[in-house]
Amino acid sequence: MSDLKSIRKKTLLFILGALLVFCVGMLLLSRSVMLDGFLDLETQDMRQQISRVRKGVASYNDALDTTVFDWAAWDDAYDFVVTKDKRFVETNLVDEIFQDSRLRLNFVIFLDAATKVVFEKGYDRVKNEEVPVPQGIFGHLADTGLPADKVKKGFLALPEGL
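An account of the accompanying structure is given in this report. (Residues numbered from 1 in each chain as written. Predicted model: local features only at pLDDT ≥ 70, side-chain atom pairs only at ≥ 80, totals over all residues. Heavy atoms only, no water.)

## Quick word on empty space enclosed by the protein
Let me state the cut-off plainly: A cavity here means a set of 1 Å grid points, computed over protein atoms only, where a 1.4 Å probe fits but cannot escape. A pocket is an open set with protein on both sides within 12 Å along at least 5 of 7 lines, and lining residues have an atom within 4 Å of a point. Grid points are joined across faces, edges and corners, and a volume is the space filled by probe spheres set on the points. Nonpolar residues are Ala, Val, Leu, Ile, Met, Phe, Trp, Tyr, Cys and Pro. Charged residues are Asp, Glu, Lys and Arg, and all others, Gly as well, are polar.
According to the stated counting rule, one finds one cavity of 30 Å³ or more in the structure shown. By volume, the largest cavity is sized at about 40 Å³. For the lining of the largest cavity, the residue count by class is four nonpolar, one polar and one charged.

Below you can see the structure in the form of structure tokens.
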């Protein structure tokens, strides 16, 4: 009888051990498969989000390019840069241009042909108030030596932020 109890005990311990090894193995395998699956999903989602951001930035840059070209080609703006007539500022560079949701401007800077600042104005679109133009931008406005038909555009990382 004691041999029978010993065999039952050994069989039970073997089954419990095998069950434990099986459960641990399944846990590790399922964890590995699920983590890899979720990692792949997150990577795919991240790539889609980055693509959307790039397209949004490109769309915004295109719209801004159009606006800048329109203002640069505008006779009144050209005359303002040459004559520095304050009436242009009073009628055209008012706070409302910064509040225009299509333009989304935070500052406007007019430069003459020698890349000297003719006019500058900054605006906080959240607080709806005039603010100084970030000083970090001015180092990027100096004569770059690029031909007039070459354009520098994009985002700048300034000490004050993007």
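## Quick word on the sheet that holds strand β3 (residues 129-131)
Operational definition: Strand pairing is assigned whenever DSSP detects at least two bridges linking the two strands. For the purposes of this entry, the term helix denotes a DSSP run of H or I that reaches at least four residues, the term strand denotes a run of E that reaches at least two, and both are numbered from the N terminus. For helices, the fitted axis covers only the stretch in contact; all axes are lines through C-alpha atoms, and the angles between them, taken along N-to-C directions, range from 0 to 180 degrees.
Read across the sheet, three strands follow the order β1-β2-β3 without closing on themselves; strand pairing throughout is antiparallel. Among the strands making up the open sheet, the edge pair consists of β1 (107-111) and β3. The average angle at which neighbouring strand axes cross in this sheet is 25 degrees, direction not considered. Across five bridges, the pairing between β1 and strand β2 (residues 117-124) is antiparallel. Considered in β2, the bridge of Ile109 is made with Glu120.

## Comments concerning the pairing of β2
Between β1 and β2, which pair antiparallel one after the other, the connecting turn spans five residues, and Thr115 there sits at a positive phi close to 60 degrees. In terms of strand pairing, β2 meets β3 through three bridges, oriented antiparallel. Directly across from Asp124, in β3, lies its bridge partner Glu129. Turn length for the β2-β3 hairpin, with the two strands adjacent in sequence and antiparallel, is four residues, and the turn residue Asn128 shows positive phi of about 55 degrees.

## A few points about the nonpolar core
Cut-off, in case you're wondering: By nonpolar core we mean a set of buried residues, namely Ala, Val, Leu, Ile, Met, Phe, Trp, Tyr and Cys, connected to one another through side-chain atoms within 4.5 Å. Residue burial is assigned from relative accessible area. The probe radius is 1.4 Å, only protein chains are included, and a residue is buried under 20% of its type maximum, exposed over 50%, and partly exposed in between. In what follows, residue pairs with any heavy atoms lying within 4.5 Å of each other are defined as contacts.
The biggest cluster of nonpolar side chains holds 15 residues, and the ones touching the most others in it are Phe80, Leu93, Val108 and Phe110. Discounting chain neighbours no more than four positions away, the residues touching Phe110 are Trp71, Ala77, Phe80, Val81, Phe88, Leu93, Lys116, Val117, Val118 and Phe119.

## With respect to the packing of aromatic side chains
Worth spelling out the cut-off: Only the six-membered ring of Trp is used, alongside the rings of Phe and Tyr, when aromatic pairs are assigned; centres must lie within 6.5 Å, and planes under 30 degrees apart are stacked while those over 60 apart are edge-to-face, with the rest tilted.
One pass over the full model with this rule turns up six aromatic pairs. A centroid spacing of 5.4 Å and a plane angle of 90 degrees characterise the contact between Phe80 and Phe110, whose relative ring orientation is edge-to-face. Of this pair, Phe80 sits in helix α2 (residues 75-83) while Phe110 sits in strand β1, placing them 30 residues apart in sequence. By the burial criterion, Phe80 is buried, and Phe110 matches it. With centroids separated by 6.1 Å and ring planes inclined at 75 degrees, the aromatic side chains of Phe80 and Phe119 adopt a geometry described as edge-to-face. You can see Phe80 sitting in helix α2 and its partner Phe119 sitting in strand β2, a full 39 residues away along the chain. We note that Phe80, like Phe119, is buried. A network of ring pairs unites the aromatic residues Phe80, Phe88, Phe110 and Phe119 as a single cluster.

Distances and angles like these do not, on their own, reveal function.
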